[in-house]
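Letter by letter, the chains look like this.
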Amino acid sequence: QAEELVCRQRGDPENPQLSNDGDIMLGGIFSFHSSWKDRQDTYMHEPLPLECSLNFRGFQFAQAMLFAIEEINNSTDLLPSISLGYKMYDACGSIARSVRVALALANGNEIESAPSDAPCTRPAQVQAIMGETSSSPCMAIATVIGPFHIPMISHFATCACLSDKTKYPSFLRTIPSDYYQSRALAQLVKHFGWTWVGAIRTNDDYGNNGMATFTETAQQLGICLEYSVSFFRTDPPDKIQKIIDIIKASTSKVIVAFLSHMDMDVLIHELSNYNMTGYQWVGSEGWIFDSQTAKMDKHHILDGAIGLSIPKAHVSGMREFILDVKPLNSSSNEMFTEFWETLFSCKFKQSKSSAGNQRECTGHEDLTGVHNSFTDMSLMPIFNNVYKGVYAVAHALHSILGCNETCNNKVKLDPFMILQRIKNIQFKTKEGDEVYFNEDGDPAAKYEIINWQPTENGIVNFVTEVPVSVCSESCLQGTHKVLQKGRPVCCYDCIPCPAGEISNLTSIHCMKCPPEYWSNSQRDACIPKAIEFLVYDEILGMLLALFSLLGVFVTMITTLVFYCHKETPLVRANNSELSFLLLFSLTLCFLCSLTFIGRPSEWSCMLRHAAFGITFVLCISCVLGKTIVVLMAFRATLPGSNVMKWFGPAQQRLSVVAFTLIQVLICILWLTISPPFPFKNLLLYQDRIILECDLGSAVGFWAVLGYIGLLAVLCFVLAFLARKLPDNFNEAKFITFSMLIFCAVWITFIPAYVSSPGKFTVAVEIFAILASSYGLLFCIFLPKCFIILFRPEQNTKKHI
């Protein structure tokens, strides 16, 4: 051995299950067998081969690859004069065996001579590898062959972790990454309002990574997981029993299953023993569109299941090619012999396991009457992925070899060169499907939403009825969520929104209404607040308007009485000119109260306060003039007094005008600098708006009131001083009493005005105007009218 310089492979050689020579070799790794039996290795001897059961799907995938290779070899447009060969190995669904056959594809089994000073290396046996079907074996294979840059294109490995090019630089796939599927499933669950769900996953890279992404997205969308459990199809029965117990004890009615079809088959078998129907299943592409899984569901556990599948596909000629399978030489291919014997339940003569009680295989059996997983073409989208993977390699080779009518056979192929070219290819299949890979080696993500509604005749119906799976019912409009202590965020109580706040079906919290709006009784909409002001069509407004008009009427009657008896001594003795002016001003006072009723506007706000201030000053000026006249009259009776000539009719008129003009000037300044204006008071009440007249300048308002009060106090003092002057009819007594009422009304008005809310502020002001006006009218004129009308004998000059 020391003299023989050779490279030898350690261990027994690995021979492909299917192979054919060609100018360029492609590798294939498919699980022709699956569901192996676990053995407990003792490490005392070499592990025995796996005992696996035949899996028709592996043959379907292999047939799809053979179809693509045959189609390319027969094409004059793609790789002319170049034939593609293949070596296909059985991975048996085992990660360890997947790595073993991948190394066999990379190294070969030949003995290679090598000089002593050169490394024991040789070019790769295959230029690209198609497969494997599952994510975990792909991760193991990609890790091993990645340093050699041999392209590996999977048709059904969806784990998002395989997009990491730092770990898996040579891995590509023709099926979308679960990065998109997991998020799409979460959006699907959210769309139907399922916020309280359970989750089951395959305990491998596919299930664990896919469910982790789903859980993260679900939490962001407000979906809560009541439980999340995992299992693998080879787990002991007691572990699967624990999962069933968890499902039975749960309150959620929706189960998200991120499972492979083999694990789902195991789970269905166990669930069938407990008749666990009535759950809404949400599935990943691993099982949701698998017709064999649907056929296994004889107890209708998965009825109504919904999920995502890769879009339906059609490849012309592939169905016929797969079903046109013919047995190879059974003496030289034990695996194919096993396939044919299992497919038709027969035995070849040469078969070592031939039994006398089984019919003999002829090799010409007809597939037409066979109905099993091999003749089922529901997985055509996956076959199409295998087909596109082979064509991607072919297009890359076509570009590298500079093929036109012929190809350059002298180009030395390098897997790294092929890998880089595959990453950048972009073409369309004969069916019009566009094929390309992004920077992560993934295709564009496209899914279809499918729903299981099996019927007796096998037709799938799509229904709109959606089951409910929530920890707490959705809060109605007008309520908000209050989390239940110690429970997930999907468990809550619904509490009505406070007054002034609303919620709708999309909001979690109550939202405050805008300042001029208020919540309705249902707390689900903001409605404009009621605008409140003193109006004529309410009782308070009617009463105040009625008393105002009554005051005008009584004043006019009084004026009429005085006018009809203007020549009588009583009228003439009481300064008839000031009396008529006083009656006129009282009429204005009664009328100005009407300006306070009705919707405030810019003009009404300015008018009501200016009219009130000026008319009352005019009224008090007349009373003050009458008081001064009384005092001057009695002073004039003293010997040698000529004081009346200084306060005759002209001076009386001038004093009234002067006093009134001062108030006019105050009002002009007020209205010019900062006039009253209509104002929506939003602070006084929460549920309504008080429309009132803002004073503008408070100084102006209190200046108007202060000036009226000053004249009233002056008038009261002068009348009080003259109350005991000798006379049968002393007007000073009545003026004193009227001023006493006037002052009392306006003194009490101030605290009442400040403390009254809303429209009652206006009502207080109107009441003060009417009360003081009635006080002046009755105290000054009622006694005179009584004498004029009912005691005419006292209305004589002698009596007065």
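Residues numbered from 1 in each chain as written. Predicted model: local features only at pLDDT ≥ 70, side-chain atom pairs only at ≥ 80, totals over all residues. Heavy atoms only, no water.

Caption draft 1: Spatial organisation of the packing of helix H1 (residues 56–73) against helix H11 (residues 380–400). With their axes 8 Å apart at the nearest point, H1 and H11 run at an angle of 40 degrees to one another. One finds that H1 runs oblique with respect to H11. Crossing of H1 against H11: the hand is right-handed. Residues Gln60, Phe61, Ala64, Met65, Phe67, Ala68, Ile69, Glu71 and Ile72 of H1 pack against Ile382, Phe383, Val386, Tyr387, Val390, Tyr391 and Ala394 of H11. (Axes fitted to C-alpha atoms, helices over the stretch in contact; angles between N-to-C directions. Helix = DSSP H or I, 4+ residues; strand = E, 2+ residues; numbered from the N terminus. Parallel < 35°, antiparallel > 145°, perpendicular 65-115°, else oblique. Left-handed = near helix turned anticlockwise from the far one by under 90°. Contact = heavy atoms within 4.5 Å.)

Caption draft 2: Quick peek at the confidence of the model for the protein. Per-residue pLDDT for the protein averages 84, and the proportion of residues at 70 or more is 87%. Contacts from residues 460–464, a stretch scored under 50 in pLDDT, to residues over four places away or in other chains number nine contacts. (pLDDT = per-residue confidence, 0-100.)

Caption draft 3: Broad picture of the nonpolar core. Within the largest apolar cluster, 97 residues are counted, with the highest numbers of intra-cluster contacts made by Met65, Leu79, Ile200, Trp281 and Trp287. At 13 residues, the largest contribution of residues to this core is made by H11. Mapping this core onto the domain boundaries places at least three of its residues in each of domain 1 (18–33 + 53–110 + 119–175 + 316–325 + 379–424) and domain 2 (185–309 + 450–463). Once you skip the residues sitting within four places of it in the chain, Met65 turns out to touch Leu26, Gly27, Gly28, Phe30, Tyr86, Met88, Met130, Val386 and Val390. Counting residues in each nonpolar core, the second largest holds 69 residues, with Ile735, Met739, Tyr753 and Ile769 among its members. (Core = buried A, V, L, I, M, F, W, Y, C linked by side-chain atoms within 4.5 Å. Buried < 20%, exposed > 50% of the residue type's maximum accessible area, 1.4 Å probe, protein only. Domains from an automatic or database assignment.)

Caption draft 4: Just the UniProt feature "transmembrane region" (unreviewed entry) in the protein, in detail. The UniProt record marks residues 539–564, 576–598, 610–634, 654–673, 701–722, 734–754 and 766–790 with the feature "transmembrane region" (unreviewed entry), using the residue numbering of this structure. Helix makes up 100% of residues 654–673 and strand 0%, with an end-to-end C-alpha separation of 28 Å. (UniProt positions renumbered as here; feature names shortened; annotations may be inferred.)

Caption draft 5: Representation of the pattern of salt bridges in the model. For the structure shown, the criterion picks out 12 salt bridges. Arg57 is paired through a salt bridge with Asp290; the nearest N and O atoms lie 2.0 Å apart. Of this pair, Arg57 sits in helix H1 while Asp290 sits in the loop between strand S14 (280–283) and helix H8 (291–296), and the two are 233 residues apart along the sequence. Per residue, the accessibility class of Arg57 equals that of Asp290, and both read buried. A salt bridge links Asp235 to Lys239; the shortest N-O distance between them is 3.6 Å. Connected via shared salt-bridge partners are Glu14, Arg97 and Arg100. (Salt bridge = Lys/Arg side-chain N within 4 Å of Asp/Glu carboxyl O.)

Caption draft 6: Up close: the sheet that holds S14. Strand order across the open sheet formed by six strands is S12-S11-S13-S14-S15-S18, with mixed pairing between neighbours. In this open sheet, the two strands that pair with only one neighbour each are strand S12 (224–231) and strand S18 (448–451). Neighbour to neighbour, the strand axes of the sheet diverge by 25 degrees on average, direction disregarded. As judged from the two bridges shared by S14 and strand S15 (residues 306–309), these two strands associate in the parallel manner. When the bridges of S15 are listed, Val282 appears paired with Ile306. Of the strands in this sheet, strand S11 (196–202), strand S13 (254–258), S14, S15 and S18 are in contact with helix H4 (residues 178–191), which crosses S15 at around 155 degrees. (Pairing = 2+ DSSP bridges.)

Caption draft 7: Highlighting unusual backbone geometry. Look at the link from Gly131 to Glu132: it is a cis peptide, with omega at -10 degrees. In this structure, Leu79 is a non-glycine residue whose phi angle is positive, near 50 degrees. Looking at the secondary structure, you find Leu79 in the loop between H1 and strand S6 (84–90). Classification of Leu79 as buried rests on a relative accessible area of 1%. We note that Arg523 has phi near 60 degrees; this positive angle belongs to a residue other than glycine.

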